[in-house]
Amino acid sequence: MLKVGLIGLGRMGRPLCTRLARAGHPVTAFDARPERKADAERSGARWQDSAKAAAAGADVLVTVLPGPADVAAAVDDAVLRALGAGGIWLDMSSSTPEAAAALRDLARRHGVDTLEAPIGGSPQDAAAGRARLFVGAEEATLTRARPLLEALTAPDLLTRVGGPGTGYVAKLLVNSLWFGQAVATAEALLLGSRAGIDPALMREVLLAGPAAGAFTRDHLPALFAGDYLPSYELDRIHDQLAEVTALAGELGTPHTVAEAVRAVHQRALARYGPVNGELLGVALLEEQAGLTLRPGRPDRPGSTDGPSGPDGRQERR
């Protein structure tokens, strides 16, 4: 068993902490929000009052944080010194190659090996051991950390996409395409609806043809029910999409579609603010069209019911 220091007990960190503890790995946990001590103890972890204390004596330091700024704030020289030479730092946060490179250099100066495995999926997937992990690491480091990773997910969902930095890129590209599918599908459904095709029926048409995909199959029912998926903040979504277009510009690859998707979410952010809602880009398109994709609802020109209405879905949790 590997001794684990875990930083971050948010929506994804809690179920991952539970899985590690249940697999028999001794886990010491910390979160910047002290009220999460009870979550750590319910997960089977021992609580510490600082990131440094959580890292001390661990074989592997695991960070599960919302973004690169959070990771940089949590892991500094003192934390890496406490982890010690020969330790592994496993970052499961959504980050960027540029931000991670600086932290990787910092870890190297302390003799710490790094491995990234950003997560694809929901907290429910993480709890069930069905989250997808996009691994970027040297092969030798992955071999050392594999027992820990296989406690978190099934082997077929654990994919080494390349060396350091590539795991973050893979996660960004997956997210970019998902949000692109969401807004492209919404545009098609809104046009179909205005032309007289019921959105639910149009979904069945899409599922039967070459335009079928995971978004249409798995997530449109939530949208049809008025659920804008309040599981992630709109400002963080926009930041990730902006990172994709910036990386494409830096590496000289076309990104016309990615830029259009980013621009939709920039307008949604200006309209709704930094609130929870992975489908608020779609909400903006509904508002612009004066239509809702909820079956049985009439045209509502200028409506803000739903994403900015009284049901409170936009509030931070």
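Before reading further, recall that the structure is shown in the block above.
None of these values were measured; they are calculated from a predicted model.

When helices and strands are tallied, the protein chain shows 14 helices and nine strands. Here the C-alpha radius of gyration of the protein chain, 21 Å, is about what a compact globule of 317 residues would show, namely 20 Å. C-alpha atoms of the protein chain, sized along the principal axes, occupy 65 × 45 × 35 Å. Restricting the contact set of the protein chain to residue pairs at least 6 apart, pairs at least 24 apart contribute 68%. Total accessible area on the protein chain is roughly 14,100 Å²; 54% of this is exposed by carbon and sulfur atoms. Each charge sign in the protein chain was given a centre, from 34 positive and 37 negative side chains, and these centres are 4 Å apart.

Looking now at the packing of helix α9 (residues 166-194) against helix α13 (residues 256-272). In helix packing, the relevant descriptors are the interaxial angle and the interaxial distance, both defined with respect to the helix axes. Here α9 crosses α13 at 70°, and the two axes come no closer than 10 Å. Taken together, α9 and α13 sit at an angle that is classed as roughly perpendicular. In contact with S176, F179, G180 and V183 of α9, α13 contributes A258, V261, V264 and H265. Per-class residue counts for the contact of α9 with α13 are five nonpolar, three polar and no charged.

The residue E116 is located in strand β6 (residues 113-116) in this model. One polar contact links the side chain of E116 to the main-chain amide nitrogen of G165, over a distance of 2.9 Å. Reaching out from E116, the side chain makes a polar contact with the backbone nitrogen of Y168 at a distance of 3.1 Å.

Residue position: T114 is located in strand β6. Spatially, the C-alpha atoms of T114 and Q124 are 27 Å apart, while their sequence positions differ by 10 residues. Not counting residues within four places of it along the chain, the set of residues in contact with T114 comprises W89, R104, A107, A137 and T141.

Counted residue by residue, helix α14 (residues 280-289) has eight buried out of 10 residues, so it is predominantly covered. Where α14 is buried, its residues touch α9, α11 (214-224), α12 (234-251) and α13.

Turning our attention to a nonpolar patch on the surface. Residues I197, L201 and V205 make up a contiguous nonpolar surface patch of about 250 Å² in total accessible area. For L201, the location among the structural elements is in helix α10 (residues 199-207).

Moving on: the packing of aromatic side chains. Aromatic ring pairs are described here by two measures, namely the spacing of the ring centres and the angle between the planes. Under the counting rule described, the total for this entry stands at three aromatic pairs. Centre to centre, the rings of W178 and F179 are 5.0 Å apart; their planes meet at 85°, and the pair counts as edge-to-face. Here W178 falls in the buried class, since its relative accessible area comes to 16%. Both rings, one in W178 and one in F215, keep their centres 5.5 Å apart while their planes meet at 80°; by these two values the pair is edge-to-face.

Per the stated rule, a full pass over the model turns up 16 salt bridges. Between D39 and R42 there is a salt bridge, with the nearest N and O atoms lying 2.5 Å from each other. With a gap of three residues between them, D39 and R42 both fall in helix α2 (residues 37-42), about one helical turn apart. Take R42: its relative accessible area is 64%, and that puts it in the exposed class. With its nearest N and O atoms 3.0 Å apart, the salt bridge here joins R217 to D218. What makes D218 partly exposed here is its relative accessible area of 41%. Three or more residues joined by partner-sharing salt bridges are found here, namely R11, D70, E233 and R236.

Side chains that are nonpolar tend, in soluble globular proteins, to be buried together. With 54 residues, the main nonpolar core has V62, W89, L90, M92, L115, V135 and L149 as its most contacted residues. The contact partners of V62, leaving out residues within four places of it in the chain, are V4, G5, L6, I7, L90, M92 and L148. Of all hydrophobic cores here, the second largest spans 33 residues; its members include Y228, L234, L241 and L285.

Their axes nearest at 9 Å, the elements α9 and α10 cross at an angle of 125°. One way to sum up the angle between α9 and α10 is to call them oblique. Both α9 and α10 take part in a crossing whose hand is right-handed. Contact residues: T185, L189 and S193 in α9; P199, M202, R203 and L206 in α10. Residue composition of the contact of α9 with α10, grouped by class: four nonpolar, two polar and one charged.

By the alternation rule, side chains of strand β2 (residues 27-30) split into V27 and A29 and T28 and F30, which are all buried. Relative to β2, strand β1 (residues 4-7) runs parallel, the two being bridged by four bridges. Along β2, the bridge assignment pairs I7 with F30. Running through helix α1 (residues 13-22), the crossover from β1 to the neighbouring parallel element β2 is right-handed. This β-α-β element, β2 to α2 to strand β3 (residues 46-47), shows right-handed connectivity.

So, how was this worked out
- Residues numbered from 1 in each chain as written.
- Predicted model: local features only at pLDDT ≥ 70, side-chain atom pairs only at ≥ 80, totals over all residues.
- Heavy atoms only, no water.
- Helix = DSSP H or I, 4+ residues; strand = E, 2+ residues; numbered from the N terminus.
- Rg over C-alpha atoms; globule rule 2.2 N^0.38 Å.
- Contact = heavy atoms within 4.5 Å.
- Areas by Shrake-Rupley, 256 points an atom, 1.4 Å probe, with all protein chains shown as cover.
- Lys, Arg positive; Asp, Glu negative; His and termini not counted.
- Charge placed at Lys NZ, Arg CZ, Asp CG, Glu CD.
- Axes fitted to C-alpha atoms, helices over the stretch in contact; angles between N-to-C directions.
- Parallel < 35°, antiparallel > 145°, perpendicular 65-115°, else oblique.
- Nonpolar A, V, L, I, M, F, W, Y, C, P; charged D, E, K, R; others polar.
- Polar contact = N/O pair within 3.5 Å; in protein donor to acceptor, adjacent residues only side chain to side chain.
- Buried < 20%, exposed > 50% of the residue type's maximum accessible area, 1.4 Å probe, protein only.
- Patch = residues over 30% accessible without salt bridge, like charges linked within 9 Å, V, L, I, M, F, W, Y side chains within 5 Å.
- Salt bridge = Lys/Arg side-chain N within 4 Å of Asp/Glu carboxyl O.
- Phe/Tyr/Trp six-rings, centres within 6.5 Å; stacked < 30°, edge-to-face > 60°.
- Core = buried A, V, L, I, M, F, W, Y, C linked by side-chain atoms within 4.5 Å.
- Left-handed = near helix turned anticlockwise from the far one by under 90°.
- Pairing = 2+ DSSP bridges.
- Right-handed = clockwise from strand over helix to strand, strands pointing away.

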